[in-house]
Structure formats: C-alpha cells, structure tokens
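Understanding the architecture of this molecule
Listed below are the residues making up each chain.
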Amino acid sequence: MRRTPTVAAVVLAAALLPVTAAMSSASSASSAGSAAADASSDDRSQAADHGGKDRRYTDAKGMPSPLVVAHRGASGYRPEHTIAAYELAVQMGADYIEPDLVMTKDGQLVDRHEPEISGTTDVAAHPEFASRKTTKKLDGVDVTGWFTEDFTLAELRTLRAKERLATVRQRNTIYDGLYQVPTYEEVLRLRERLSKKYRRTIGIIPEIKHSTYFHDKGLVPEPQVVALTEKYGLNKRNAPMWIQSFEITNLKDLRFRHGYKASSTFLAWTGTGPLDGPYDLISKGDKRLYQDWMTPKGLKEISRFANGVGPEKFFVIPKKADGTLGQPTSLVGDAHRLGLKVVPWTFRNENQFMAKDLQKGTNPADYGKAIEEQVAYLRTGLDGLFTDNPDTGVVARDIFWGRQ
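Residues numbered from 1 in each chain as written. Predicted model: local features only at pLDDT ≥ 70, side-chain atom pairs only at ≥ 80, totals over all residues. Heavy atoms only, no water.

A look at the pairing of strand β9 (residues 242-245)
Alternating positions in β9 separate into two faces, Trp242 and Gln244 on one and Ile243 and Ser245 on the other, with burial throughout. Across 4 bridges, the pairing between β9 and strand β10 (residues 263-268) is parallel. Paired with Ser245 across the two strands is Phe266, which belongs to β10. In this view, the connection linking β9 to its parallel neighbour β10 by way of helix α9 (residues 249-256) has right-handed handedness. (Buried < 20%, exposed > 50% of the residue type's maximum accessible area, 1.4 Å probe, protein only. Helix = DSSP H or I, 4+ residues; strand = E, 2+ residues; numbered from the N terminus. Pairing = 2+ DSSP bridges. Right-handed = clockwise from strand over helix to strand, strands pointing away.)

Brief notes about the packing of aromatic side chains
Pairs of aromatic rings are described using the distance from one ring centre to the other and the angle between the two planes. Applying the stated criterion to the full structure yields 7 aromatic pairs. Centroid distance Phe129 to Phe151: 5.0 Å. Interplanar angle 75°. Geometry classified as edge-to-face. Of this pair, Phe129 sits in the loop between β4 (109-111) and β5 (134-138) while Phe151 sits in the loop between β6 (141-145) and α5 (153-156), placing them 22 residues apart in sequence. Take Phe129 and Phe151: they sit in the same class, and that class is buried. Aromatic side chains Phe347 and Tyr377 sit 5.0 Å apart centroid to centroid with 75° between the ring planes, which places their arrangement in the edge-to-face category. Taken together, the residues Phe347 in the loop between β12 (341-342) and α14 (370-378) and Tyr377 in helix α14 connect sequence positions 30 residues apart. When sorted by exposure, Phe347 lands in the same class as Tyr377, which is buried. (Phe/Tyr/Trp six-rings, centres within 6.5 Å; stacked < 30°, edge-to-face > 60°.)

Brief notes about the sheet that holds strand β7 (residues 203-204)
Pairing in this open sheet of 4 strands is parallel, and the strands run β7-β2-β1-β13 from one edge to the other. Here the strands that pair on one side only, and so sit at the sheet edges, are β7 and β13 (384-387). Pairing of strand β1 (residues 67-70) with strand β2 (residues 96-97) involves 2 bridges; the strand directions are parallel. Across the sheet, Ala70 pairs through a bridge with Ile97, a residue of β2.

Here's the deal with α14
Residues of α14 that are buried include every one of Ala370, Glu373, Gln374, Val375, Tyr377 and Leu378, and no others. Considering only its buried residues, α14 is in contact with β13 and α15 (390-401). (Contact = heavy atoms within 4.5 Å.)

Here we look at the confidence of the model for the chain
Scored by pLDDT, the chain comes out at a mean of 89, with 86% of its residues at no less than 70. Long-range and interchain partners of residues 1-50, a stretch whose pLDDT sits below 50, account for 73 contacts in this model, where long-range means more than four residues apart. (pLDDT = per-residue confidence, 0-100.)

Things to note about the nonpolar core
Nonpolar side chains tend to gather and get buried jointly when the protein is soluble and globular. Within the largest apolar cluster, 76 residues are counted, with the highest numbers of intra-cluster contacts made by Tyr184, Met241, Met294 and Ile302. In terms of residue count, the dominant contributor to this core is helix α6 (residues 184-198) (5 residues). Residue contacts for Met294: discarding those within four places in its chain leaves Phe266, Ala268, Leu299, Ile302, Val309, Pro311, Phe315 and Leu331. Counting residues in hydrophobic clusters, the runner-up holds 11 residues, among them Met63, Tyr96, Ile205 and Trp345. (Core = buried A, V, L, I, M, F, W, Y, C linked by side-chain atoms within 4.5 Å.)

Some words on the environment of Gly308
Relative to the assigned elements, Gly308 resides in strand β11 (residues 308-311). According to the relative accessible area criterion, Gly308 is buried, its value standing at 0%. Note: C-alpha distance between Gly308 and Leu338 (30 residues apart in sequence) is 9.5 Å. The contact partners of Gly308, leaving out residues within four places of it in the chain, are Trp242, Ser264, Thr265, Phe266, Ile302, Leu340 and Lys341.

Details of unusual backbone geometry
A cis geometry characterises the amide bond from Ser65 onward to Pro66, with omega recorded as 0°. Within the fold, Pro66 resides in the loop between α3 (41-50) and β1. In this structure, Arg72 is a non-glycine residue whose phi angle is positive, near 60°. Mapped onto the fold, Arg72 is located in the loop between β1 and α4 (83-91). Even without being glycine, His210 reaches a positive phi, approximately 50°.

Now the structure itself:
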C-alpha cells in the first residue's frame, strides 16, 4: 500500500487512530463483537462459500519490502490475538498478521500467546473453572494458572479476551470482554477475507508455541498446522506464509517430515536464564544459547532448514552499558549472505520498550521516539519488523523509503 501524505498528517492520524478507529471501523468492531457471541458468522459463511479452495491472494509476489508485521494484530490498540486486533492492523496498513498457536484438550489449534491464559482471558472470573487452576512446568519453569490443554474448544468459547498489558495500555481495557479466542482456521479465513476487502495480499506468520511442552502431553500441533495451511492454499513456495518457532526440532520436522513447503523462521531472545536457548535442545543437554544461534556458525545451521530468523531487536542494534542505543551488529549481513531473511521483534511505542535515548519523559507507559527507532533499525537492511503499532510501522517505512 502506497502512502504519500506529509509526516505531520500521518503522525497526527497515527496518534488519533486508537480512538478514531473505534468509530470509523464501527462495522469492524461490531463484527468482532458479534464474533464474541457467535464465533464470527461472516467467517463461517466465507468458509462455506469456498471450502478453503479459494486461491486468490496466495502468492507473496509484489508484497512490499521491508514488511510491516502486526505483532499479535494491532495489539497496541486492542487486546492481542483477537479478530478485532487483526482487522485493525490491516486497516492500518500491516502486510502480515501474527497468530500464536497453542492446543486445546480436544486437539484444536487456538490463538493465544501462551498455554497459560489467565493474563489474556477472563478465565479467573469463571467459577465453573476455578478448580482447573494449577501449577505446571512450562519449559522448565513453574507457571501457575489455567492452561489451554485443560479446556475443550467449546469451553474456551465461553471465555473472552482481555488486555494483557493493562497497566501499560489502560485504554485497551475498554475492549475487555468483547472478543472470543479465535481458532487458527478462523484467522486463516480472516486473512482471505481481509485480502479481498483491501484488494492486496495479506500475509500470515503463525508461531507454534512450546512445541516440546505440547508433545509431552500427547498433543502434536505440526501436522494440523500443515494441513490447514494446505487447505487454504498457502503450503507452497512464495506463499505469504511463514511459520515461526523458538525451537529447532519442530522447524526441521515441519520441513522434512510433514511436507511443509512455505517459509519458516527461527526466533531468538536476548534474555538470560532458563528460557535462554531452544527448549527442545536445552532439555536434552544441548548448551547452546540463543546468542550462539545468531553467530555465522549458528546461522549456517539454521539456513539448512529455515528461511529466516526473527531475533529480538537488540540482537540487531544492542543497547550500550548505559542503556542507550548502540551500533548495529553484523547479524543482518551475516544472515543475508546465507540467504536468510531478518525480521526482528518487537517494536512498541511505549518508553519502557526502548533504549533510554529514545524515551520521552519519565512515564514508562508514555510514547517514546518510536518512529525514529524503527527508521534506525530499517536502515540496517531488515526485511521487515514486528510491531504492536502497525500505523507507526507504516509511517517509519514511508520515511525509510523517502516518501516523507
């Protein structure tokens, strides 16, 4: 989508979108509200019309570069991983939408950030499910709450989404209780519908969450992911489709055991502690951390089974010891020399997610110099970026392209 308005006009529009989008996309919000009550009858009618056989908008040829990827939808403005968040993201100009995939007790793929759902749904307010609160080991860490694998899909349908970062994004809490937990298939149908509505190809980049954890419980997400990807015409080279994982084994299995043909990307985190490193390998004694996989040697191994890497943004431009933004590393160039795409995460508008010199004021929840940050990263040669604020990403990309 080409955009040529002035910086002032676009920035003003971006600033107003969280409010105006709620009004100007009343029909969109209304349909999402209906989905909360009925699992989106519009999406079901779309599926009935084509049965997953519609092949329009299944080729990534001609999509922009770098890409603006809506991290969990327009999650800076709506509760994450909801139909409303994805609809708003595409309205704002996002090229890709990102669902996170976990599994239910009856083996269905649903769209939540984690298996534990107390932070993203109202499950704690449902007395009928109080006894299901428990503590489990999730990638070696004790986690207490309610877990998707203890609920059937029908039971999850009785829950409603809520804002995960409520203290940071208080405005988003007005949408708490409106939206259901969507299935992966519903998001695939939504991608088709939004592509038709806006007459441009919208991509989808699902992340398979905690594959080892689910395998250990007898739930295997990968074959279902591939089957649904095939059903909707996206299991082919150059499809607007990427599968992501923080693990290695499932990315290899997708490619070499399950017949996955579209693109895949390995995710990496800059943090430390028990979650540093692919858990499938760490749990078997492999000592390699995520930083080891972001070296030329690690990238070469990744290039044998994946098409890209999704590093946390500070792998690309790290912070200095004083917390200000440093100089770019060689990661982008190293990856590109091996034919790997680089799409880092996550760009958020709030101060607390930025280097100190990009922050404005002292309130961690206030907006910082988000456009400046994203332009700086785009100048390293990125193939795209994940952002909670797709409108900001579009403005930053326009500036990078020299359109502003």
